[in-house]
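What follows is the residue order along each chain.
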Amino acid sequence: MQPWHRRLFFLRSIGGVSLACAVALAGGCGSGVAEGPGRPTLPGPKTFHHSFEQAPASLDPVQATNIYANHVVVNAYDTLFAYKYLARPYQLKPNLAEDWPEISPDLLTYRIRLKRGVRFQDDPCFPGGRGRELVAEDFVYSLKRQFDPQNRPQGGWFWQGRIVGIDAWKSAGSDYAQDIPGLRALDSHTLEIRLTRPYPQLLDTFAQGYSAVVPHEAVACYGRELGTHPVGSGPFKVVAYDTARVVFERHPGYRQEPVDLAAEGYDPVKQRYTGVERIAGRSPPFVDRLIIDFANDDASRWNSFTKGDEVQLSALPPERAEAVLASLNPVRLQPEYAEKYQAYSGPEAGFVFEVFNFDFPDFGYHPDPARERRNKALRCAIIKAFDWEARNASWYFGLATVFPGVIVPVVPEFDPALSRASVTRDVDGARRLLRDNGWTAANLPVLVYGQSAGVKQRMFYEQFRAELKQIGWPPEKVVLKQFATFGDLSRAWKESRLPIVAKGWGLDYPDAENTLQLFYGPNGSPGSNDANWHNVEFDRLYEQAAVMLPSPERTALYRRMNQLVIDDCVGMTGLARNRIYLWHRNVVAMPDREIVGGFWLKYVDVLPPGQSARPEGLGATG
Amino acid sequence: MDVLQFALRKLLAGVPLLVGVTLLSFTLMVYFGPDKTYELLGKNSTAAQIAEVRHELGYDRPFFVRYAEYLRELATLDFGHSDSTGAKVSTLLARSIPVSLALELPGFVLGNLLGLALALTAAFHRGRWPDKLIMGVAVVGMSVSFLIVIFAFQIWFCTSHGLNWFPVRGWSAAGPLDYLAHIAVPTLATVFVALGYNTRFYRAVIVEEMGRDHVRTARAFGTPPLRLLWRNILKNCAIPIVTRVMFTIPSIVIGGALLIETAFGIPGVGRVTYEAIISGDQPVLKAVVGLTASLFVLTLLVTDILYRAVDPRVSLQ
Amino acid sequence: MTAGMARNGDGVAVPATRRTSLWQTALAKFARDRAGLVGLTVVALYLLVAIGVWFGWWATEWADITGAKWAPVSAQHWFGTNIIGQDIFQRGLYSTATAFEVGLVVAVLVVVLGGLLGATSGFLAGSWVDEIVLWTMGVVDAVPFYLMVAAIAFALADYPYAMHVAMISTFWTTTGRFVRGEVIKLRGLEFVEAARALGVGQAAIVLRHVLPNTLHILLVQMTLCFVDAIKAEVVLSFLGLGVKDGMSWGLMISESTLEFLAGHFNNLVAASLLMFGLVYAFNMFADALQDALDPKRVA
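Sequence positions are assigned chain by chain, starting from 1 and proceeding in written order. Labels follow written order: the first chain is A, the first ligand is 1, and so on. Only residues with pLDDT of at least 70 get local features here, since the model is predicted, and only at 80 or more are side-chain atom pairs given and counted; chain-wide, interface and lining totals rely on the full set of residues. Derived side-chain values reflect all non-hydrogen atoms in the structure, with water molecules and hydrogen atoms excluded from consideration.

Chemist: Outline the pattern of salt bridges, listing residues and values.
Modeler: Salt bridges are defined by distance alone: a side-chain nitrogen of Lys or Arg within 4 Å of a carboxyl oxygen of Asp or Glu. By the definition in use, this model includes 50 salt bridges over all chains. For A:Glu354, the salt bridge is made with A:Arg391, and the minimal N-O distance between the two is 2.8 Å. Remark: A:Arg391 occurs in helix H13 (residues 388–396) and A:Glu354 occurs in strand E15 (residues 350–356); sequence separation between them is 37 residues. Assessed through its relative accessible area of 3%, A:Glu354 is described here as buried. Burial classes: relative accessible area under 20% of the type maximum marks a residue as buried, over 50% as exposed, and values in between as partly exposed (1.4 Å probe, protein chains only). Residue classification places A:Arg391 among the buried positions, given a relative accessible area of 5%. Residues C:Arg91 and A:Glu462 are paired through a salt bridge, measuring 2.9 Å at the closest nitrogen-oxygen approach. Of this pair, C:Arg91 sits in helix H4 (residues 88–123) while A:Glu462 is found in helix H15 (residues 455–469), placing the two residues in two different chains. Comparing C:Arg91 with A:Glu462 shows no difference in burial state: the two are buried. Through salt bridges that share partners, A:Glu53, A:Glu348, A:Arg577, A:Arg579, A:Arg593 and A:Glu594 make up one connected network. By definition, any uninterrupted DSSP run of H or I lasting at least four residues is a helix, any uninterrupted run of E lasting at least two residues is a strand, and each is numbered from the N terminus.

Set out below in structure tokens:
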């Protein structure tokens, strides 16, 4: 970070030389990390200064529950698989694994070979302070940690009931000396995993921070403090971490793997503007120091980004969209921003949605079938009253995608042709529905709208209340209940205490199964089916699809399930936010924070200030 | 009367207070406080997992066992590890308390010195226009919400809507200029808000002192103003002033400046505490509350001793 | 006031002359204080606005979406609209009622609680009751204000008056200490001694003879508390610990943080101005009141 006073001085001093610089650059480009002539480069390590809107709570892989934690964890640690840097839609690739696994014909046994010579980062926890080689036993140990309650693990649900013997191991007291039949190291570099039933998403789970490989020496040495002191084999080593920022340094012993752009899914048409061709054939990581600022305040993050010498990459706060963007679709920058920055826009891997809780007889299931029919009319009317476009305009500046159902736009199973009736506002229709089913201002039930504390959440409620008023719902019958902490709100969900659950869901892997499971009956509270919706047909289809490999047949099943959710008026769904990133022109990057998590950070390169990663003649968004 | 004996007796008298504060804060913040369980659960959790996490956090133990544990932690100053990051609470505090101190001390000192200077000016021109002007402005300062001052100053000094002179957030004390740049706006805001209150308080104290016979006599005898100020006024005002200053200390050291730190993204102890509240990080909360209370009791003691130092008439009884 | 005192039937010599002169001088003094009168007038205007809100005369559409997002200032929307198209002026007016509600509830209850406990402890100074009250005050004062308030707000979960409870339970100690000091002074005075000699019960003495003589302190404390409560509400609502139902200046200010980046400051300006007006006027009024009621106070 450069202080303001030095910056002022600096700006004045470079004014005179920038012309010379530009001339020199026009002569010979593409020389990689060539230094700008005519001006001394900044001393010190090559640094990439990134920013994020939230700090991870813990850096322990067993608690890598969100993208914030994953961004840090997958850079400090290694995972067996990873997502390709540039391929969209997302594709897996072997990472620590030497190659794709050998899978038995019944899809129940996986044999995975690990790369040789992978070393953990040097750390005092190892004998002599020198990181040792990573072996298959380390992976077995790391996955066991997810089943040891002492670690307060959060990712066990990926594998519980699926890997043979893993639940028994836990109920026997999580003794690391005991073996798990379905999770074994055959030799120092071969793993064997046996499943109770086919699990098509298994390899995706091995690309998550949850399954990152931790050396037992570090756990023995740091104990609970492993959460602030990661020791992994990843491309970067954490040297400082608090809730304001994390600082990494390059892991000098990181394995040499020259970048093969084609294998990473490079799209020369769409991605050439990023300048990623410069990294072809070179081994990451390319920067000596990686800093991630956690700034949950959009304004200050954006100010830091536009100052020029602080944060180099930031998500565009929606509030700035009007000033920064020349067009929304396709996303294009205003000329003065295109001059200085590169940009990328893509849908989030996830969505926000609001569902009714069917445990509440006022809206959901009711012993009296006639009332249950009226309840459905009630739900459908509320859905018609809900104004997704207003939500989009107010809070996402029109940058989000409103879509029907629960299959999100980012997954391959998304159906763009689906009817948009369930996300289109229809005040008259809603009023008619209420009237025809005998609902009046007097007999409408009280709606409790639960949210976490926060002014935005409060405004969501006010918007909702005003919209319901327009279909004749008395405002005093729409009540806000705010929870001081997210934990308290989450508790209310899991204890099925809220009639309406409004939440966002981030995909764990690019497969519609990950959002459809939110409506699977057996996942009811305290599971993730907050709607406590139990539909026999849906559950049957879900169980059928869950063991299928990707195929058109499976997609057809997914879409039928999606329609069932829409038809029963389970909730208002949904909206996927579009992320727009801007970064300084001297940064060579294709940012992404969705499924890929933090895997892209090791591919980031930084040119000296004033240089541009963008090839001549291209725009800021390609 | 032996000062040490006096101090010991005062310390002993502080014990019930300490017990009260710890009990109150424990009951409110820990026992009824935010529940961390549901933040530590995975996405698809079962009832058994919920019980596991609660057990790990120690929520399933009886009230008094947990309270006793708290007292033990306070006595040994070992608060264990944060429930969120797993970092040692002592490390967390050792990192954030100096930041808060460095952030707040300049504003605190400036606010008091300026307040005293303005109060003296006003008091010496009592009833005339400088007095009226200063006191009028003081009421304005008292009437503006701290929150508004922070936002207004931030927008004005730190963003492109205004002067854009200073960093809008973050913390760095790498060099003196760096440090000044980061504390400039927070200090301005603190001083702006504190000044009104301080000026009024000091003026009232000084005016009262100036009305006393011995000051009037000294004045009548033509004692030079500076000497009058030092010998007859400030010295006698010392008790209320020291009290005011002393009792602000515990909240500065431990409490931090929650609003300032939040608005400027400064990793001080105020923010650490607030995040602990929001996320239900009980080990951190316990440490902050316990330490503040202990410091408060200690302040009471030190103030009593100071009273004697500045004014021998105060008996140690 | 005097009439009320004369009617009490214990036959105890009420120091009517002292009382009369205090209140009469105070009134006369206040009537000469121009700043105080202006303050009072402005406060009365705000109160009128609040009453109008309570009776539904105006600001009835504060929760409705009546315009476009961030509509500019116009004849229809005097302060423009907010991010979801609600009228900022109406929300500001509505918040005036909230401010009075918070200020009055807190101020009255603080004075009642602080007055009762302070008087009791002062009257029984040196006894165990006094010790307990003093101890309680010490405990409450030792916990930093925002921590305490946050803790109470949490402990009471979504109870709509959590914020009020929190403020009352922290604010009362100041009043308590003042009243305690005054009562210690009073209880040595003749008329109390006389009541005691006549066998009047302790509670009766406190309620009928001692407390009424601390009224001037209570009145001043009430005005100070009112201002403190309004200012604290803003901060607490910003932190998400404040007003649960309805609308307040604090909520408007926290709402405005969503708009800074886009360069819209209407919410901030509206709430700040309205709040500043009331607090400033109230401060002037409180000042004048203090001057009038406290003969020793140096103005």
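Having seen it, we continue.
Chemist: Residue-level account of the packing of aromatic side chains, with values.
Modeler: A pair of Phe, Tyr and Trp rings is counted when the ring centres sit within 6.5 Å of each other, with Trp represented by its six-membered ring. The angle between the planes then sorts it: under 30 degrees is stacked, over 60 is edge-to-face, the rest tilted. Overall, the coordinates contain 61 aromatic pairs over all chains when judged by the stated rule. Plain terms: the ring middles of B:Phe63 and B:Phe64 are 4.9 Å apart, the flat faces sit at 85° to each other, and that makes the pair edge-to-face. Through successive ring pairs, a cluster of aromatic residues spans A:Phe139, A:Trp157, A:Phe158, A:Trp159, A:Phe206, A:Tyr210 and A:Tyr509. We count a charge as sitting over a ring when the NZ of a lysine or the CZ of an arginine lies within 6 Å of the ring centre and within 35 degrees of the ring normal. Stacked on the ring of A:Tyr199, the Lys or Arg A:Arg162 has its end atom at 4.0 Å from the ring centre. When the ring centre of A:Trp439 is taken as origin, the NZ or CZ atom of A:Arg374, which lies over that ring, is 4.1 Å away.

Chemist: So, the interface of chain C and chain A: which residues are in play, and what are the values?
Modeler: What makes two residues a contact is simply this: any of their non-hydrogen atoms within 4.5 Å. With 26 residues of chain C at the interface, the matching set in chain A holds 27 residues. Here chain C meets chain A over a buried area of about 2100 Å², counting both sides, of which 61% is carbon and sulfur. Buried surface area refers to the total accessible area, computed with a probe of radius 1.4 Å, that the two partners give up upon joining, counted for both partners together. When the area that chain C buries against chain A is broken down by residue, the three leading residues are C:Ile84, C:Leu258 and C:Leu261, summing to 31%. Scanning the region where chain C abuts chain A turns up two salt bridges. Ranked by residues supplied to the side of chain C that touches chain A, first place goes to helix H11 (residues 249–256) of chain C with three residues.

Chemist: I'd love a proper account of the side chain of A:Gln121, names of residues and values included.
Modeler: Residue and element names in this part refer to chain A. Here glutamine 121 shows up in the loop between strand E5 (109–113) and helix H4 (136–145). For glutamine 121, a relative accessible area of 0% corresponds to the buried category. Throughout this description, a polar contact denotes any pair of N or O atoms lying within 3.5 Å of each other; where both atoms belong to protein, one of them has to be capable of donating a hydrogen while the other can accept it, and for residues adjacent in sequence the pair is counted only when both atoms sit in side chains. Here the side chain of glutamine 121 touches alanine 76 through a polar contact of 3.2 Å, landing on its backbone oxygen. Here the side chain of glutamine 121 touches phenylalanine 236 through a polar contact of 2.7 Å, landing on its backbone oxygen.

Honestly, that's just the spatial picture; any functional story needs more than this.
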